[in-house]
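# Fold and contact review
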Amino acid sequence: VVQEKEKEKERKKKAERRRVMLERAKKRLLGFREPVDKDKKEEGDARAEAWDANENPFWQPPMYVPAEGPCVEDFKIFTDEYVEVRDMGMQWHGKYRACLDTGNAGCTLIQKHVAQVLGLCDALGRPTESRWEKQSVNGVVAGASEMIYMCTLTYRLKGKEITCRAGITHARLGCDLLIARREIQEFERSGYTFKA
């Protein structure tokens, strides 16, 4: 009889735990935060947040406090960054090395071998999209220029997506993408801070 009572208590505890877990999962899906469980706080759970009992729960209950947004560091961009690039199948790929070049008043450039892997161009460097366009790109050295094909490129850097016309180059850039000043200004208009 004692064993049956213990088993029944254990079953009730399990059922209660399941119910609490389901409630928490529903709240997380709806974007609510839960008040801190005192036992978790004492156990040192890093996710448990401090809840001051003196606060008026009707003014700022913990389940209605919005989750923290992106931190300030997420809005700082530097000269050398890593970006994800969308391929022709609309899938995101890689961590490609990008150089944000404030001296590049022309267009964003992508290395031919990277564009080829992403399906943006064929083996000859011609775009796979239906509209072909060529543009002359000048280098830093006087007289250095190249006629290159242009393609539509979408890349993502620190949560922001940019779609632009990019040149497919054979030149050795020292990075996979050379991002133009125009796109850097677009990041700055969106609240990002550029640090050289």
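Quick summary incoming for the structure in this document. The structure presented is a predicted model; accordingly, all values stated were derived computationally and were not measured.

## Some words on the pattern of salt bridges
According to the stated counting rule, one finds 13 salt bridges in the structure shown. Its salt-bridge partner being Arg19, residue Glu16 comes within 2.4 Å of it at the nearest N-O pair. Here Arg19 and Glu16 lie together in helix H1 (residues 2-30), a separation of 3 residues that amounts to about one turn. The salt bridge partner of Arg165 is Glu133, with a shortest N-O separation of 3.1 Å. Placement of Arg165 in strand S7 (residues 160-169) and of Glu133 in the loop between helix H3 (112-117) and strand S5 (134-138) is noted, with a sequence separation of 32 residues between them. One network of salt bridges, in which partners are shared, links Glu129, Arg131, Glu133 and Arg165.

## Some remarks on the pairing of S7
In terms of burial, S7 is a largely internal element, 7 of the 10 residues being buried. With 4 bridges joining them, strand S4 (residues 108-111) and S7 adopt parallel strand pairing. For Thr108, the partnering residue across the bridge sits in S7 and is Ala166. In terms of strand pairing, strand S6 (residues 145-157) meets S7 through 9 bridges, oriented antiparallel. In the strand pairing of S7, Thr152 is matched with Arg165. Taking the residues between adjacent antiparallel strands as the criterion, S6 and S7 are bridged by 2 residues, where Lys158 takes a positive phi near 50°.

What counts and how
- Per chain, residues are indexed from 1 in the order of the written sequence.
- Residues qualify for local features only when their pLDDT is at least 70, as the model is predicted, and side-chain atom pairs are given and counted only at 80 or more; totals for whole chains, interfaces and linings, by contrast, use all residues.
- Side-chain metrics in this entry use all non-hydrogen atoms of the structure; hydrogen atoms and water are not considered.
- Salt bridges are counted wherever a side-chain nitrogen of Lys or Arg sits within 4 Å of a carboxyl oxygen of Asp or Glu.
- Put simply, DSSP marks the helices as runs of H or I at least four residues long and the strands as runs of E at least two long, and each gets a number from the N terminus on.
- Using a 1.4 Å probe on the protein chains alone, a residue whose accessible area is under 20% of its type maximum counts as buried, one over 50% counts as exposed, and one in between counts as partly exposed.
- A pair of strands is treated as paired once DSSP finds two or more bridges between them.

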